[in-house]
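# Summary of structural features
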Amino acid sequence: MEEPKHILDILIEKVSEKIGKDIKVYLAMDDEDRELLAVKRGDEERGLDLAQIVNSYGFYRIYQSDSEDEAIDRLAENLVKSINSMLEEAPTEE
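Conventions and cut-offs
Residues numbered from 1 in each chain as written. Predicted model: local features only at pLDDT ≥ 70, side-chain atom pairs only at ≥ 80, totals over all residues. Heavy atoms only, no water. Phe/Tyr/Trp six-rings, centres within 6.5 Å; stacked < 30°, edge-to-face > 60°. Helix = DSSP H or I, 4+ residues; strand = E, 2+ residues; numbered from the N terminus. Expected span 1.5 Å × (residues − 1). Contact = heavy atoms within 4.5 Å. Polar contact = N/O pair within 3.5 Å; in protein donor to acceptor, adjacent residues only side chain to side chain. Pairing = 2+ DSSP bridges. Axes fitted to C-alpha atoms, helices over the stretch in contact; angles between N-to-C directions. Parallel < 35°, antiparallel > 145°, perpendicular 65-115°, else oblique. Left-handed = near helix turned anticlockwise from the far one by under 90°. Nonpolar A, V, L, I, M, F, W, Y, C, P; charged D, E, K, R; others polar.

Tallied over the entire structure, the rule returns 2 aromatic pairs. Their ring planes at 45 degrees and their centres at 5.2 Å tell us that Phe59 and Tyr63 sit as a pair that is tilted. On the criterion of helical spacing, the pair formed by Phe59 and Tyr63 is a turn pair, its members being 4 residues apart in helix H2 (residues 50–64). Chaining the aromatic ring pairs together yields one cluster made of Phe59, Tyr60 and Tyr63.

This is the structure in structure tokens:
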């Protein structure tokens, strides 16, 4: 019997499907041992605090969604917007 996918794996899959092909999304830890949702584009790497993402999921699930799937979809859409904004604000190499 196959083990069900972890909710974070599902979230990463959904974000990866909706974001540009040149952007990789994965779980990582920074130098201070904080867990991150890492975003890599070329040589540029940034991260979003995983604790904040988990809190956001809880908010979506409790207040704005009727199901776990709907909450994950809303969170994935919000993360894609956040990632795109974060990457747009990043300094570019010239």
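We now examine H2. Over its 15 residues, H2 runs 20 Å from end to end, which matches the ideal 21 Å to within 8%, given 1.5 Å per residue. Tucked into the core, H2 has its buried residues touching helix H1 (7–18), strand E1 (23–29), strand E2 (35–41), strand E3 (44–49) and helix H3 (68–89). Capping of H2 at its N-terminal end is provided by Asp49; its side-chain oxygen lies 3.2 Å from the backbone amide nitrogen of Ala51.

Inspection of the secondary structure puts Asp30 in the loop between E1 and E2. A polar contact of 2.6 Å, which involves the side chain of Asp30, links it to the side chain of Arg34.

Quick look at the pairing of E3 now. Bridge analysis of E2 against E3 gives 6 bridges, and the strand direction is antiparallel. Paired with Leu37 across the strands is Leu48, a residue of E3. Linking E2 to E3, which pair antiparallel, is a turn of 2 residues; within it Gly42 sits at a positive phi near 60 degrees.

Here we come to the packing of H2 against H3. Their axes nearest at 9 Å, the elements H2 and H3 cross at an angle of 130 degrees. The angle between the axes of H2 and H3 places the two elements in the oblique class. For the pair H2 and H3, the sense of crossing is right-handed. Only Glu68, Glu70, Ala71, Ile72, Arg74, Leu75, Asn78 and Leu79 of H3 make contact with H2, whose side of the interface consists of Ile53, Ser56, Tyr57, Tyr60, Arg61 and Gln64. Class assignment for the residues of the contact of H2 with H3 results in 7 nonpolar, 3 polar and 4 charged.

Glancing now at the sheet that holds E1. The strands making up a sheet are joined through hydrogen bonds of the backbone, oriented either antiparallel or parallel. The 3 strands are arranged E1-E2-E3 in an open sheet whose pairing can be described as antiparallel. Of all the strands in the sheet, the pair left with one neighbour each is E1 and E3. Mean inter-strand twist for the sheet, computed between neighbouring axes without regard to direction, equals 30 degrees. Of the strand pairs in this sheet, E1 and E2 are connected by 7 bridges, and their pairing is antiparallel. Pairing of Tyr26 across the sheet is with Ala38, part of E2. Where H3 meets the sheet, its contacts fall on E1, E2 and E3, and the angle it forms with E3 comes to roughly 135 degrees.

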